Amino acid sequence: MSLSQHIFHFTILGALWGALVLSKSLEVTEKNEDKKEAKFSFMNYKLVDVIPKDQNQLKDLRTLESINVVGVDFWAEPAQVDQTISLSVEPEVYKTLENFLDQRNIQHNTKVTNLQELIDDEMKSILKEDLDDFGYRDPSLSYYDAKSYNRLNQITTHLREIQKQDDSQSMSISSIGTTFEGRPIEMVTLSRSEDSAKTDKPIIWMDCGIHSREWVSPSFCIFTIKELLAEGEAGLLRKFDFFIVPVANPDGYVYSWDVNRMWRKNRRTPAAMMLRSGDDQVSVEIQKTRRSLEVIDYNLDEELGIEGGFLSTEAETKFTKDNISLKQFWPGSVFPGFPQAPQSGGFPSWGGSGNQWSQSVQSNPKCTGVDPNRNFDIAWAKVGSSNSICQDTFHGPKAFSEAETVAIRDIILNTQTSGREFASFLSVHAYSQFWMSPYGFKKIRSSDYFDQSRVMKKAVEALRQVYGTSFQHGPINEVIYLASGSSVDWAYEKAGINYSYALELRDQGKYGFLLPVDQIEPTNTETYAGLKAMGWEIAKEYS
Ligand SMILES: [Zn+2]
C-alpha cells in the first residue's frame, strides 16, 4: 500500500469518527490535560509459567510472541529449551492460550490466578516498609526507604539529600533531557573533586529504569551512588568517574506507580509521534487531548502542502528522504494489525478485549509509548522489536525519536567529543539474572568478546560469592535471543564503548517484576559486588 493510500484510509477512518478537520492552522502547543487515569486492574489476570522442552516448542512460543497477540504479555523472552518463562494473560484469552499450549504439548503451570492480588500485596509491603516500628512515619527522615521501592519524587529528593551530605563534594545532578510529559531526565555525576587529574579519568556509564516496571533497577543505581561515595578514594572513584541515570524513563516510572504496574515503555502518545517529521521540525499532525480525535489539524510546512486532504507527492518524497517511515506510525496502518489477524500455520484466533473494533488504537491504553530500548540507531526496527504501537517492544517512528534515547546518545557523544573516554556502559534491567554483552541484533560474537567475556566472568563470580546468586553471562543473542535497537549494541557499535553490558537483576522468574521488597538490599549488595569486580578488572587497562 502506498503512503497516499495509507493517508486515504486514515482519512476515511477519521471521517467515520466524524471529527476530522482538515485545515492549515497554527501549531497547537498545549500539553495533554487529561484527568488522572484510573488504575489499571489486573483482576483475574493469570501468570502462566511455560517450559519449552524442544526447539519446536521454543519456536512456537517465539512465533506467538512475534505475532503480537492481544492479551498475552511475555514477561521474559522465550530464550532456551528448559528455561521457564512467565506469561501474564488476560482472563479473556486464558482458555485460548491453554488450548494453544496443550495442542503443542508445551508444559505450562498457572502459578497465579489473580495478578492484581500480587500487585496489592506488593503495595502493602511497600507501605509497611515506610513506617517505623511503631507504625508512624518520622517526618524528619527522608521518605526514601532503601529497603523498599520508591516513587520518582522520593528518588529525586533523596538524590539531593545524598548530594548535601557528601562532604567530598563529588556529586552533581544535571538534567540531560526532557520527557514527553515534561519531566527532566536526571543524571548524577560522581567525580572526586580533590583529585586534580579527575578530568582525565575514564567514565563508567550506568542507566537504570529504562523499562519502567523493573523497579529494582533504579534502586540499584541509587545504592551504587551511595556506596561509591562512601568508599571514596578507596573505591572505584579513584580510577573512574561515574555518569549514572537512576531513572532513565521517568514518565513510564510514574505511570507504573500511578496507573499500570506492568508498564514498560515511555508515555508518548500516537498523535504526538506524528508531531514532528524529524530534524526539520515540520509538524504533521497533533491531537489536542491524549486519546481524542475531536480535532485534528494538518499542519504542514508550506513547501510540503496537502492535495485534497492527502499529503502531496513532495511531502511523501521528503519524508522518504528524511528516512521517516510514516506507515510505521500512522494510525491507519496500525489498525489492520490490531488485533493481530490469525496467522497461517494453525495459530488460533484470539479473543480478548483487543478484539473489539471499538477498542481502537486511540482508546486502548496499551497503544501508547515507545520502548526506548528498541529505539537506538542500531539495526533499528529489525528483529526482536515491534511495528505496532500497541506492543511492549514498539521501536518508535524512527531511530532516536524519543527524548530518553536522544538524552543518552547526546550526553555520551558530546562527552566523547570533548575528549573524554567511556570505559564501560551498563544498562540495568530486571529480571532473569543475566550479565550480557553485545550483540543483541545479530547472531555473532563481537570481535572484543574475549575481553568482554573475561570481565563478565569476574563480575558474575564476585556477585555469586555474596549470596550464591548465579548469573548467566554471554552475548545477548545467545543468552536471550535477537533484539535490535538496544542501547548496549549502540554503545558498543556506534559509540565504541568496549565494555558495554546489559544486566538483568533478580530473580529468575519466581516473582519477576514483583520482586519482594526484602530482596532489594541483597540484590543491590550482590550486584554492586559484581560492578566493583568489573570496574577493577577494567581499571587494569588504565594503570
Ligand atoms: Zn528491561
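Rules behind the numbers
- Residues numbered from 1 in each chain as written.
- Predicted model: local features only at pLDDT ≥ 70, side-chain atom pairs only at ≥ 80, totals over all residues.
- Heavy atoms only, no water.
- Donors = N, O, S within 2.8 Å, 3.2 Å for Na, K, Ca; no water.
- Tetrahedral: all angles 85-135°; square planar, octahedral: opposite > 155°, others 65-115°.
- Helix = DSSP H or I, 4+ residues; strand = E, 2+ residues; numbered from the N terminus.
- Buried < 20%, exposed > 50% of the residue type's maximum accessible area, 1.4 Å probe, protein only.
- Contact = heavy atoms within 4.5 Å.
- Core = buried A, V, L, I, M, F, W, Y, C linked by side-chain atoms within 4.5 Å.
- Domains from an automatic or database assignment.
- Axes fitted to C-alpha atoms, helices over the stretch in contact; angles between N-to-C directions.
- Left-handed = near helix turned anticlockwise from the far one by under 90°.
- Nonpolar A, V, L, I, M, F, W, Y, C, P; charged D, E, K, R; others polar.
- Pairing = 2+ DSSP bridges.
- Right-handed = clockwise from strand over helix to strand, strands pointing away.
- UniProt positions renumbered as here; feature names shortened; annotations may be inferred.
- Polar contact = N/O pair within 3.5 Å; in protein donor to acceptor, adjacent residues only side chain to side chain.
- Expected span 1.5 Å × (residues − 1).
- Arc of directions from axis to C-beta.

> Residues and numbers for the coordination of the zinc ion, please.
Taken together, the protein ligands of the zinc ion are His-211 (ND1), Glu-214 (OE), Glu-214 (OE) and His-429 (ND1), with distances of 2.1 to 2.5 Å. Coordination at the zinc ion is irregular: its four donor atoms span angles of 56 to 144 degrees at the metal. Spacing between the donor residues of the zinc ion along their common chain follows H-x2-E-x214-H. You can see Glu-214 sitting in the loop between β7 (203-208) and α6 (216-231) and its partner His-429 sitting in strand β13 (residues 422-430), a full 215 residues away along the chain. Per residue, the accessibility class of Glu-214 equals that of His-429, and both read buried.

> Can you explain the environment of Asn-524? Please cite residues and give values.
In this structure, Asn-524 sits in helix α15 (residues 520-539). We classify Asn-524 as buried; its relative accessible area is 2%. Sequence separation between Asn-524 and Ser-219 is 305 residues; the distance between their C-alpha atoms is 7.5 Å. Not counting residues within four places of it along the chain, the set of residues in contact with Asn-524 comprises Val-216, Ser-219, Phe-220 and Phe-223.

> Help me get a handle on the nonpolar core, residues and values and all.
Grouped together as the largest cluster of nonpolar side chains are 82 residues, with contacts concentrated most on Tyr-149, Leu-190, Ile-225, Phe-242, Trp-435, Tyr-501 and Met-534. When residues of this core are assigned to their parent elements, the largest contribution, eight residues, is made by α6. Taken domain by domain, the makeup of this core includes at least three residues from each of domain 2 (46-113) and domain 3 (152-259 + 403-542). What Tyr-501 contacts, discounting residues up to four positions off in sequence, is Phe-425, Leu-426, Ser-427, Trp-435, Met-436, Ser-437, Asp-451, Gln-452, Val-455, Met-456, Val-488 and Met-534. Counting residues in each nonpolar core, the second largest holds 33 residues, with Ile-210, Phe-434, Trp-490 and Ala-502 among its members.

> Which residues make up the packing of helix α12 (residues 449-467) against α15, and what values do they have?
For the pair α12 and α15, interaxial distance at closest approach is 7 Å and the crossing angle is 145 degrees. Crossing handedness for the pair α12 and α15: right-handed. Residues Arg-454, Val-455, Lys-458, Ala-459, Ala-462, Leu-463, Val-466 and Tyr-467 of α12 lie in contact with α15, whose contacting residues are Pro-522, Thr-525, Glu-526, Thr-527, Ala-529, Gly-530, Ala-533, Met-534, Glu-537 and Ile-538. Looking at the contact of α12 with α15, its residues break down into 11 nonpolar, three polar and four charged.

> Summarise the pairing of strand β14 (residues 434-437); cite the residues concerned and give the values.
Of the two faces of β14, the one carrying Phe-434 and Met-436 and the one carrying Trp-435 and Ser-437 are both buried. Here β14 runs beside strand β15 (residues 472-475); their pairing, made up of four bridges, is parallel. Bridging across to β15, Ser-437 finds its partner in Pro-475. With respect to chirality, the unit in which β14 leads through α12 into the neighbouring parallel β15 is right-handed. Note that β14 and strand β16 (residues 499-505) share three bridges and pair antiparallel. Of the residues in β16, the one forming a bridge with Met-436 is Ala-502.

> Which residues make up the environment of Glu-233, and what values do they have?
Note on placement: Glu-233 falls in the loop between α6 and β8 (241-245). Judged by its relative accessible area of 33%, Glu-233 is partly exposed. In this structure, the C-alpha to C-alpha distance between Glu-233 and Arg-192, residues 41 residues apart in sequence, is 7.6 Å.

> Give me the lowdown on unusual backbone geometry, citing residues and values where you can.
For the bond running from Ala-430 to Tyr-431, omega is 10 degrees, close enough to zero to count as cis. Looking at where Tyr-431 falls in the secondary structure, it is placed in the loop between β13 and β14. Going from Pro-438 to Tyr-439, the amide bond is cis rather than trans, its omega being 5 degrees. For Tyr-439, the position within the fold is in the loop between β14 and α12. A positive phi angle, near 140 degrees, is found at Ser-432, a position not held by glycine. Along the chain, Ser-432 falls in the loop between β13 and β14. Accessibility expressed as a relative area gives 13% for Ser-432, which makes it buried.

> Pulling in residues and values, what's your account of the UniProt feature "active site" (unreviewed entry) in the chain?
UniProt's feature table lists "active site" (unreviewed entry) at Glu-504, given in the numbering used throughout. Classification of Glu-504 as buried rests on a relative accessible area of 12%. Setting aside anything within four residues of it in sequence, one finds Glu-504 in contact with His-429, Ala-430, Tyr-431, Ser-432, Gln-433, Phe-434, Met-436 and Phe-471. A polar side-chain atom of Glu-504 sits 3.3 Å from the main-chain amide nitrogen of Ala-430.

> Outline the sheet that holds β7, listing residues and values.
On the basis of which strands lie adjacent, the open sheet formed by eight strands has the order β5-β6-β8-β7-β13-β16-β14-β15 and mixed pairing. Every other strand in the sheet has two partners, leaving β5 (171-178) and β15 as the edge strands with one partner each. Across the sheet, the mean angle separating the axes of adjacent strands is 20 degrees when strand polarity is ignored. Bridge count for β5 against strand β6 (residues 184-190) is six bridges, and the pairing is antiparallel. Note that in β6 the partner of Ser-174 across the bridge is Met-187. Along the sheet face, α6 touches β5, β6, β7, β8, β13 and β16 and points at about 145 degrees away from the line of β7.

> How would you summarise helix α11 (residues 403-417) if you had to cite specific residues and measurements?
With 15 residues, α11 should cover 21 Å at 1.5 Å per step; its first-to-last C-alpha distance of 20 Å lies within 8% of that length. Taken together, the buried positions of α11 are occupied by Glu-404, Thr-405, Ala-407, Ile-408, Ile-411, Ile-412 and Thr-415. Looking down the long axis of α11, one finds its buried residues gathered within 165 degrees of arc, a one-sided arrangement. α11 presents Asn-414 and Thr-417 as exposed residues on the side facing more than 90 degrees away from its buried surface. In this fold, the buried residues of α11 make contact with β5, β6, β7, β8, β13 and α14 (487-493). Once α11 finishes, Gly-419 follows within two positions and takes phi at roughly 100 degrees, a positive value.

> Tell me about the side chain of Glu-537, residues and numbers included.
Mapped onto the secondary structure, Glu-537 falls in helix α15. Residues contacting Glu-537, with those up to four places away along its chain left out, are Arg-454, Val-455 and Lys-458.

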